[in-house]
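The lines below spell out each chain.
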Amino acid sequence: EPEVTQTPSHQVTQMGQEVILRCVPISNHLYFYWYRQILGQKVEFLVSFYNNEISEKSEIFDDQFSVERPDGSNFTLKIRSTKLEDSAMYFCASTLGPKNIQYFGAGTRLSVL
Amino acid sequence: TQLLEQSPQFLSIQEGENLTVYCNSSSVFSSLQWYRQEPGEGPVLLVTVVTGGEVKKLKRLTFQFGDARKDSSLHITAAQPGDTGLYLCAARSTAGGTSYGKLTFGQGTILTVHP
């Protein structure tokens, strides 16, 4: 069964460093998402991406965050200058259409020290 | 901001017992999903409910969407240790304009079923 894959599974970084979280969505899907889950808190929407541009973003997704689909298969989330409070599980999801099932990856645990 | 309130936050029961998890909001949703999340994995969809009053069954799990599409419940009959996990409700809004599928999640219910 097709699945969303995320790498790395765990990323440790120093505060102020840039990180790139990678996702390979399901191949025929058109809508892509990033969510995050801070330990002990709810899953929160960050951004949606469709037709090679951001379609919606939350207030969490500030200028430090960016997304890109550089080569038609990968979907990346970049955090330019990480803060301690960016430590969380980051989930990528993809779907065929906005009303279709969203399939989630296993997540990347980001630890900012 | 549309909020989903999920209760209870923690549930610890014995094998064979029944349980219900609730998901409530003051907002109307176009659809509501229930997910299960295992440690170290992403959420996996269990069911989607769309129509007010809808009831769906998945083996020992029964999902209900409220008539006004503001609330939902998940009922598990004769719980088993394999049901242990984090259960999440999530919804898409009916807000005007184009929807790109953003999901709003509840805070989750951690269920532990003891043998």
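What follows covers the state of the cysteines. Taken as a whole, this structure holds two disulfides over all chains when the rule is applied. Paired through a disulfide, A:Cys23 and A:Cys92 show a sulfur-sulfur distance of 1.9 Å. Where A:Cys23 bonds to A:Cys92 through sulfur, the torsion about that S-S bond is close to -65 degrees, and the disulfide is left-handed. Highlighted residues: A:Cys23 in strand β3 (residues 19-24) and A:Cys92 in strand β9 (residues 88-95), separated in sequence by 69 residues. Residue classification places A:Cys23 among the buried residues on the basis of a relative accessible area of 0%. Paired by a disulfide, B:Cys23 and B:Cys89 hold their sulfur atoms 2.0 Å apart. A torsion of 75 degrees about the S-S bond marks the disulfide between B:Cys23 and B:Cys89 as right-handed. Taken together, the residues B:Cys23 in strand β3 (residues 19-24) and B:Cys89 in strand β9 (residues 85-93) connect sequence positions 66 residues apart. Judged on exposure class, the residue B:Cys23 and its partner B:Cys89 are both buried.

The rules behind these values
- Residues numbered from 1 in each chain as written.
- Chains lettered and ligands numbered in written order.
- Predicted model: local features only at pLDDT ≥ 70, side-chain atom pairs only at ≥ 80, totals over all residues.
- Heavy atoms only, no water.
- Disulfide = S-S within 2.5 Å.
- Helix = DSSP H or I, 4+ residues; strand = E, 2+ residues; numbered from the N terminus.
- Buried < 20%, exposed > 50% of the residue type's maximum accessible area, 1.4 Å probe, protein only.

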